[in-house]
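Chain residues, written in single-letter form:
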Amino acid sequence: MSPANVELGFEPPAGLDSTPLQVRRLSDLQDYYADKDAVRELVAAGDPEIYAYWAIEYAGGGSGLSYGVTTIQPGVVGHEFYMTKGHYHVAPGDEMYLAVSGHGTVLLRNDAGEVKRYELKPGRMVYIDEGWGHRTVNDGVDPLVFISIWSPGTGHDYERVLREGFPTVDDYAVGESRSLGQ
Ligand code: S6P
Ligand code: ZN
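Residues numbered from 1 in each chain as written. Chains lettered and ligands numbered in written order. Predicted model: local features only at pLDDT ≥ 70, side-chain atom pairs only at ≥ 80, totals over all residues. Heavy atoms only, no water.

Caption draft 1: Inspection of the overall build of the protein chain at higher detail. Along its length, the protein chain carries 2 helices and 11 strands. Listed N to C, the secondary structure of the protein chain is β-α-β-β-β-β-β-β-β-β-β-β-α in terms of helices and strands. Computed over the C-alpha atoms, the radius of gyration of the protein chain is 16 Å, within 12% of the 16 Å expected from 2.2 N^0.38 for a compact globule of 182 residues. The principal-axis extent of the C-alpha atoms belonging to the protein chain is close to 45 × 40 × 30 Å. The proportion of buried residues among the 182 residues of the protein chain is 45%. (Helix = DSSP H or I, 4+ residues; strand = E, 2+ residues; numbered from the N terminus. Rg over C-alpha atoms; globule rule 2.2 N^0.38 Å. Buried < 20%, exposed > 50% of the residue type's maximum accessible area, 1.4 Å probe, protein only.)

Caption draft 2: Fine view of the site of ligand 1. Near ligand 1 you find 14 residues, and of these Tyr51, Thr70, Glu95, Tyr97 and Tyr158 are the closest. Between an oxygen atom of ligand 1 and a side-chain N or O atom of histidine 156, the distance comes to 3.2 Å. Against a free-state accessible area of 390 Å², the protein chains account for coverage of 98% of ligand 1. Residue assignment for the shell around ligand 1 shows that the elements contributing at least two residues are β2 (49-56), β6 (95-101) and β11 (144-150). For the shell around ligand 1, the leading source of residues is β11, giving 3 residues. (Near = heavy atom within 4 Å. Polar contact = N/O pair within 3.5 Å; in protein donor to acceptor, adjacent residues only side chain to side chain. Areas by Shrake-Rupley, 256 points an atom, 1.4 Å probe, with all protein chains shown as cover.)

Caption draft 3: Local environment of the coordination of the zinc ion (ligand 2). Within the first shell, the zinc ion (ligand 2) binds the protein through His87 (NE2), His89 (NE2), Glu95 (OE) and His134 (NE2), at distances of 2.1 to 2.2 Å. Spacing between the donor residues of the zinc ion (ligand 2) along their common chain follows H-x1-H-x5-E-x38-H. Of this pair, histidine 89 sits in the loop between β5 (80-81) and β6 while histidine 134 sits in strand β10 (residues 133-138); the two residues are 45 residues apart in sequence, bridging distant segments of the chain. For the pair shown, histidine 89 and histidine 134 are each scored as buried. (Donors = N, O, S within 2.8 Å, 3.2 Å for Na, K, Ca; no water.)

Caption draft 4: Structural context of the side chain of arginine 160. Residue position: arginine 160 is located in helix α2 (residues 159-164). Not counting the four nearest positions on each side in its chain, arginine 160 is found in contact with Tyr88, Asn110, Asp111 and Gly165. (Contact = heavy atoms within 4.5 Å.)

Caption draft 5: Expanded view of the side chain of aspartate 139. With respect to the helices and strands, the residue aspartate 139 is situated in the loop between β10 and β11. Exposure remark for aspartate 139: the relative accessible area of 0% places this residue in the buried category. Looking at aspartate 139, its side chain comes within polar contact range of the side chain of threonine 105, at 2.5 Å.

Caption draft 6: Broad picture of the nonpolar core. Residues Tyr33, Ile50, Val77, Tyr97 and Leu120 are the most contacted members of the largest nonpolar core, which totals 30 residues. Of all the secondary-structure elements, those providing two or more residues to this core are α1 (36-44), β2, β6, β7 (104-109), β9 (125-128) and β11. Setting aside anything within four residues of it in sequence, one finds tyrosine 97 in contact with His87, Val106, Leu120, Arg124, Met125, Val126, Ile128, His134, Thr136, Phe146, Ile147 and Ser148. Trp54, Tyr67, Val69 and Ile147 belong to the second-largest nonpolar core, a separate cluster that totals 6 residues. (Core = buried A, V, L, I, M, F, W, Y, C linked by side-chain atoms within 4.5 Å.)

Caption draft 7: Broad picture of the pattern of salt bridges. Tallying each qualifying case throughout the model produces 5 salt bridges. The partner of arginine 109 in a salt bridge is glutamate 164, and the shortest N-O contact between them spans 2.8 Å. Here the residue arginine 109 occupies a position in strand β7, and glutamate 164 occupies one in helix α2, the gap between them amounting to 55 residues. When its relative accessible area of 38% is taken as the criterion, glutamate 164 is described as partly exposed. Beyond isolated ion pairs, a larger network of salt bridges with shared partners links Arg109, Asp111, Arg160 and Glu164. (Salt bridge = Lys/Arg side-chain N within 4 Å of Asp/Glu carboxyl O.)

Caption draft 8: The arrangement of the sheet that holds β10 in detail. Strand order across the open sheet formed by 3 strands is β8-β7-β10, with antiparallel pairing between neighbours. Each end of this open sheet is capped by a strand with a single partner; those strands are β8 (115-120) and β10. Sheet twist, expressed as the mean angle between neighbouring strand axes with direction ignored, is 20 degrees. In terms of strand pairing, β7 meets β10 through 6 bridges, oriented antiparallel. Bridge pairing links valine 106 to threonine 136 in β10. (Pairing = 2+ DSSP bridges. Axes fitted to C-alpha atoms, helices over the stretch in contact; angles between N-to-C directions.)

Below you can see the structure in the form of structure tokens.
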């Protein structure tokens, strides 16, 4: 990679070596939401986009950084807010989330099944230490846009989230979040 000064938003920045925009619709996430009737109805009614993200992965031999932007739309599937699949890193490496706009919650879960939930909004940073699986939830009324910066090569284990289950934000109500169903 070379020095860069770029605008970070929904779309990958032009002229840099980014992944294509990954769009996750509800049909891609059926296994991650609890209310299967709500999933079926919403998929049949148009299969809404839940979130989209892109990444610039550091591929050099040094100790660079990877980064990208995720945009989660506002909405609910049954009693759950729109959220990412969530994942554990497969190789050691930490990660940092910085909100650009909107309001969300980051849920963390470790090997001992301990759970933490952190507010994500402009002006706050969430630091994800090694060993903590993480899922991001949009519990606001606007799109939640956030920047992720992580150690290269950490990878993503999504299967473990399905195998062991993962908390959703309604299990851990946040003071500033909007009420479900609004
Ligand atoms: C990568 C970073 C984000 C997520 C993105 C989507 O390590 O944490 O770019 O990939 O927010 O979440 P998920 O759980 O579907 O990968
Ligand atoms: Zn991660």
